[in-house]
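The chain contents come next:
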Amino acid sequence: GAIKLDYISSGINAEYGDHEKGAGPSGASNNKDKLQYEEQDVGLCGLILIGVSILLCIVFLPLAPFFIIKVVAQYEKAVILRLGCIRKGGAAGPGLFFFLPCVDEIHVVDMRTVSFDVPPQEILTKDSVTVTVDAVVYFRIQDAVSSVCNVDNVKTATRLLAQTTLRNMLGTKSLSEILSEREEISNSMQQILDIATDPWGVLVERVEVKDVRLPQNLQRAMAAEAEAHRDAKAKVIAAEGELNASKALKEAADVINESPAALQLRYLQTLGTIAAERNSTILFPMPIDMMRAFAGK
């Protein structure tokens, strides 16, 4: 009976171990860790304790299933430590498996993607500007054994590492680079975090810089600079318009000077425009030559 229980559990673990081989960029290092775990031996005292545990399960068989059966969900893996050593085959699950009470310690690891917000960090940029930056990180555990054996709390460690990486990376950038190269900063931060957390069995899937907050005085200075730039551009456009208008007026004056009747037609057109606006007073321009004729008489 004891051999059968151990065979069933070891078979499930072996199947999962074959599935884990080569998964992710750290497959080679993970396989070396598993081989190292498999080479460990519990010794004679360990075998005696395991035998006593199996004997207790047989004696208390009606109640034993409530203590020796574990169900792991589809998105979870169970890392079993038997007398402090990783069991052969690595992590178990998903599904139903058996373990021995008193000698086995179970750590259930969630394999789903987890996201967390990096708290706002006050960073001094390369050009001595203080900005507040926050980000969001998406990661998942790809090697349950490494996440249990190589780090105390994998989520807390990843969160703290993300904060430090964000501060160190943005400290080497200027303000203009932070504002214009957010996508490149996110990709670089993702690669750095992925390499650093690889021994922990963590895969960093995505990093996004959420917000960059500037000091109030710097915002006012940048707004004043932008307004001055717009005013200068508006003055240049107005000056170019005046220049083009003067050129057009000069060409029109040359055309009218060639034909005196054109000037009279322009007078009549102006009167028509004034009359259309229903003004009570109409100014009728008199040609200067006509006035000179009356002055001569």
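Residues numbered from 1 in each chain as written. Predicted model: local features only at pLDDT ≥ 70, side-chain atom pairs only at ≥ 80, totals over all residues. Heavy atoms only, no water.

(A) View of unusual backbone geometry. Positioned with a positive phi, Cys-102 is a non-glycine residue whose angle comes to about 75°. Structurally, Cys-102 can be placed in the loop between strand 4 (95–98) and strand 5 (104–110). The exposure class of Cys-102 is exposed, given its relative accessible area of 78%. We note that Ser-128 has phi near 60°; this positive angle belongs to a residue other than glycine. With respect to the helices and strands, the residue Ser-128 is situated in the loop between strand 6 (114–124) and strand 7 (130–141). By relative accessible area, Ser-128 is classed as exposed at 59%. (Helix = DSSP H or I, 4+ residues; strand = E, 2+ residues; numbered from the N terminus. Buried < 20%, exposed > 50% of the residue type's maximum accessible area, 1.4 Å probe, protein only.)

(B) Geometry of the environment of Pro-120. Take Pro-120: it is sitting in strand 6. Spatially, the C-alpha atom of Pro-120 lies 9.1 Å from that of Val-212, the residues being 92 residues apart in sequence.

(C) Here's a closer look at a nonpolar patch on the surface. A surface patch of nonpolar side chains, amounting to about 1,100 Å² of accessible area, comprises Leu-44, Ile-48, Val-52, Leu-55, Leu-56, Val-59, Phe-60, Leu-63, Phe-66 and Phe-67. Elements with a contribution of two residues or more to the nonpolar patch: helix 3 (43–59) and helix 4 (65–68). In terms of residues, the nonpolar patch owes the most to one element, helix 3, which gives six residues. By the element assignment, Phe-66 lies in helix 4. Exposure remark for Phe-66: the relative accessible area of 67% places this residue in the exposed category. (Patch = residues over 30% accessible without salt bridge, like charges linked within 9 Å, V, L, I, M, F, W, Y side chains within 5 Å. Areas by Shrake-Rupley, 256 points an atom, 1.4 Å probe, with all protein chains shown as cover. Salt bridge = Lys/Arg side-chain N within 4 Å of Asp/Glu carboxyl O.)

(D) Representation of the packing of helix 6 (residues 154–170) against helix 8 (residues 182–196) within the structure. The interhelical angle for the contact between helix 6 and helix 8, taken along N-to-C directions, is 135°, at an axis separation of 10 Å. Classified by the angle their axes make, helix 6 and helix 8 are oblique. Handedness of the helix 6/helix 8 crossing: right-handed. Counting all contacts with helix 6, which are made through Leu-161, Ala-162, Thr-165, Leu-166, Met-169 and Leu-170, the residues of helix 8 involved are Ile-185, Ser-188, Met-189, Ile-192, Leu-193 and Ala-196. For the contact of helix 6 with helix 8, the class distribution of residues is ten nonpolar, two polar and no charged. (Axes fitted to C-alpha atoms, helices over the stretch in contact; angles between N-to-C directions. Parallel < 35°, antiparallel > 145°, perpendicular 65-115°, else oblique. Left-handed = near helix turned anticlockwise from the far one by under 90°. Contact = heavy atoms within 4.5 Å. Nonpolar A, V, L, I, M, F, W, Y, C, P; charged D, E, K, R; others polar.)

(E) Quick look at the sheet that holds strand 6. Across the sheet, which stays open at both edges, the three strands sit in the order 6-7-8 with antiparallel pairing between neighbours. With one partner strand each, in any of the chains shown, strand 6 and strand 8 (202–213) form the two edges of the open sheet. Looking at each pair of strands side by side, their axes are set apart by 25° on average, direction ignored. Sheet topology places strand 6 next to strand 7; nine bridges connect them, and they run antiparallel. The partner of Glu-122 across the bridge, within strand 7, is Thr-132. (Pairing = 2+ DSSP bridges.)

(F) Examining the pairing of strand 7 more closely. Buried residues dominate strand 7, accounting for nine of its twelve residues. Hairpin geometry of strand 6 and strand 7 is characterised by an intervening segment of five residues between the two adjacent antiparallel strands and by a positive phi of about 60° at Ser-128.

(G) Local environment of the confidence of the model for the chain. When pLDDT is averaged along the chain, the result is 77; 77% of the residues meet or exceed 70. Here residues 1–36 scores under 50 on pLDDT; set against residues more than four positions off or in separate chains, the count is 40 contacts. (pLDDT = per-residue confidence, 0-100.)

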